[in-house]
Amino acid sequence: MARIAEQIQAIPKFTTEAQERAYWEKHGSMDHLDGSKARKVTLPNLKPTTKTISLRLPQHLLDSIKVWLQEKLHTH
């Protein structure tokens, strides 16, 4: 595990948001995080975001989706 700690890099300081954006477009967050210290958390007050869309599907496909969903709901 000591080798992992050596590879973790400090996040540089940015003077502008554009510099920060350019940096993160080329770098991943895993270079700056120690995954061995991660832990699972529960966020009970989060509400899922939804967006209404209009989607046109053939009737037979819509019927198949409804049947599949009902089967999924009844097996769990």
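Residue numbers restart at each chain and count upward from 1, following the sequence in its written direction. Residues qualify for local features only when their pLDDT is at least 70, as the model is predicted, and side-chain atom pairs are given and counted only at 80 or more; totals for whole chains, interfaces and linings, by contrast, use all residues. In computing side-chain values, all of the structure's heavy atoms are included and hydrogens and water are not.

Asker: Give a detailed account of the environment of alanine 10, specifying residues and quantitative values.
Answerer: Considering the arrangement of structural elements, one finds alanine 10 in the loop between helix H1 (2-7) and helix H2 (17-26). When the C-alpha atoms of alanine 10 and histidine 32 are compared, they prove to be 6.1 Å apart, with 22 residues separating the residues in sequence. Strands are runs of DSSP state E lasting at least two residues, helices are runs of H or I lasting at least four, and both sets are numbered from the N terminus onward.

Asker: Before we move on, could you go through the packing of aromatic side chains and cite the residues and values that matter?
Answerer: By convention, a stacked pair of Phe, Tyr or Trp rings (six-membered ring in the case of Trp) has centres within 6.5 Å and planes under 30 degrees apart, an edge-to-face pair has planes over 60 apart, and any other such pair is tilted. Overall, the coordinates contain two aromatic pairs when judged by the stated rule. Relative to tyrosine 23, the ring of phenylalanine 14 has its centre 5.4 Å away and its plane inclined at 55°; by these criteria the two rings are tilted. Summary of the burial criterion: residues with accessible area below 20% of their type's maximum are buried, those above 50% are exposed, and those between are partly exposed, where the area comes from a 1.4 Å probe applied to protein chains only. Judged by its relative accessible area of 24%, phenylalanine 14 is partly exposed. Assessed through its relative accessible area of 14%, tyrosine 23 is described here as buried. Each ring, one from tyrosine 23 and one from tryptophan 24, has its centre 5.1 Å from the other, and the planes form 85°; the classification is edge-to-face. We classify tryptophan 24 as partly exposed; its relative accessible area is 30%.

Asker: Tell me about the confidence of the model for the chain, and name the residues and values.
Answerer: Do not read the fine detail of predicted coordinates wherever pLDDT is low. A residue's pLDDT is the confidence the predictor assigns to it, expressed on a 0 to 100 scale. Mean pLDDT over the chain works out to 87, with 91% of the residues at or above the 70 mark. In this description, contact between two residues means that some pair of their heavy atoms is separated by no more than 4.5 Å. Note that residues 1-5 has pLDDT below 50 and, in this model, two contacts with residues that lie over four places away or in other chains.

Asker: Describe a nonpolar patch on the surface, with residues and values.
Answerer: To count toward a patch, a residue needs a relative accessible area above 30% and no salt bridge. Like charges then connect within 9 Å, nonpolar side chains (Val, Leu, Ile, Met, Phe, Trp, Tyr) within 5 Å. Here, Shrake-Rupley sampling with a 1.4 Å probe gives the accessible areas, and only protein chains in the shown set may cover a residue. One speaks of a salt bridge when a side-chain nitrogen belonging to Lys or Arg is within 4 Å of a carboxyl oxygen belonging to Asp or Glu. A cluster of nonpolar side chains, contributed by Ile53, Leu55, Leu57, Leu61 and Ile65, occupies part of the molecular surface with about 460 Å² of accessible area. Within the element layout of this structure, isoleucine 65 appears in helix H3 (residues 59-75). Relative accessible area serves as the criterion here: at 38%, isoleucine 65 is assigned to the partly exposed category.

Asker: Break down the pattern of salt bridges for me, citing the residues and quoting the values.
Answerer: Tallied over the full model, the rule gives one salt bridge. Between glutamate 17 and arginine 21 there is a salt bridge, with the nearest N and O atoms lying 2.9 Å from each other. Pair noted here: glutamate 17 and arginine 21 are both in helix H2, with a separation of four residues, about one helical turn. By relative accessible area, arginine 21 is classed as partly exposed at 44%.

Asker: Would you mind going over the side chain of histidine 32 in detail, with residue names and values included?
Answerer: Residue position: histidine 32 is located in the loop between H2 and H3. Owing to a relative accessible area of 10%, histidine 32 belongs among the buried residues under this scheme. Excluding anything up to four places from it in sequence, histidine 32 contacts Ile8, Gln9, Ala10, Ile11, Pro12, Tyr23 and Trp24.

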